[in-house]
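Structural overview
Each chain, letter by letter, is given below.
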Amino acid sequence: MNALPSETPPTNTPEPPPPAFDYSDWKGYNAPEGYFFNFPARFNMEIRQSEADDFIVLVAEGSPPNETSFIVNAFEQGNLKKVRDNINLDNPVYTDISPYGMVGFTVEGTVPGEGFGGGSVVYEAYFDLGGLLIRLDCPWNFCDRQEFDLILRSFKLN
């Protein structure tokens, strides 16, 4: 009798890290809070103020100032679980970003309601970087996902 070859149970091998990207043609920003990120050279970076805090916007050259492509907020403290529990989007889809070597997630969904912005697609990342809670936002329907992912991967502590 011929013996059947034994099957080796599959092993859980971690996914390989994404390939390194050459950011040499991009601009970089060193935040006073102690983090760094890269962004495409075709964007102008502005620091704007809201009632609660300052935030960074990236606006494509030649675009009107209100046509923001990316927004970066850094908060002194944050709880990713609490943030995730408080996200108010229709049909949110969450993706873990640990393959990027980061603790956090991306979320995609649509703004609820029918008023201003209602039904618009939102794509955001929330992650912990050295005790800071950082949000990278690609607002409305203008999100370039490849640029978003490359900007996200570029975040590092100084």
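Presented here is a report on the structure given in the accompanying data block. Only a predicted model underlies this, so the values are computations on that prediction, with no experimental measurement involved. (Residues numbered from 1 in each chain as written. Predicted model: local features only at pLDDT ≥ 70, side-chain atom pairs only at ≥ 80, totals over all residues. Heavy atoms only, no water.)

Our next topic: the overall build of the protein chain. Along its length, the protein chain carries 2 helices and 10 strands. Of the regular secondary structure in the protein chain, the N- to C-terminal order runs β-β-β-β-β-α-β-β-β-β-α-β. For the protein chain, the proportion of its 158 residues judged to be buried stands at 38%. A fraction of 40% describes how many contacts in the protein chain between residues 6 or more apart in sequence connect residues 24 or more apart. If you sum the accessible surface of the protein chain, you get close to 10000 Å²; carbon and sulfur atoms cover 51% of it. (Helix = DSSP H or I, 4+ residues; strand = E, 2+ residues; numbered from the N terminus. Buried < 20%, exposed > 50% of the residue type's maximum accessible area, 1.4 Å probe, protein only. Contact = heavy atoms within 4.5 Å. Areas by Shrake-Rupley, 256 points an atom, 1.4 Å probe, with all protein chains shown as cover.)

With that settled, consider the nonpolar core. Counting 29 residues, the largest nonpolar core has Tyr-35, Phe-37, Phe-127, Ile-134, Leu-136, Ile-151 and Phe-155 as its most contacted members. Within the residue set of this core, elements represented by two or more residues are strand S2 (35-39), strand S4 (54-60), strand S5 (68-75), strand S8 (121-129), strand S9 (132-138) and helix H2 (145-154). Leave out the neighbours within four places in its chain, and Ile-134 touches Tyr-35, Val-72, Asn-73, Ala-74, Ala-125, Tyr-126, Phe-127, Leu-129 and Phe-155. With 10 residues, the next largest nonpolar core counts Leu-80, Phe-105, Val-122 and Tyr-126 among its residues. (Core = buried A, V, L, I, M, F, W, Y, C linked by side-chain atoms within 4.5 Å.)

Okay, the sheet that holds S5 next. Sheet architecture is open: 7 strands sit in the order S3-S4-S5-S9-S8-S7-S6, paired in antiparallel fashion. Strands at the two margins of the open sheet, each flanked by one partner only, are strand S3 (43-49) and strand S6 (90-96). This sheet shows a mean twist of 20° between the axes of neighbouring strands, independent of strand direction. In this fold H2 packs onto S3, S4, S5, strand S7 (103-110), S8 and S9, with an angle of close to 10° to the strand it touches most, S8. (Pairing = 2+ DSSP bridges. Axes fitted to C-alpha atoms, helices over the stretch in contact; angles between N-to-C directions.)

Reading across from one edge, S1-S2-S10 is the order of the 3 strands in this open sheet, with antiparallel pairing throughout. The outermost strands of the open sheet, each flanked by one partner alone, are strand S1 (27-30) and strand S10 (156-157). Relative to S2, S1 runs antiparallel, the two being bridged by 4 bridges. Within S2, the residue paired with Tyr-29 across the bridge is Phe-37. Its contacts with the sheet put H2 on S2 and S10, and the angle it makes with S2 is roughly 155°.

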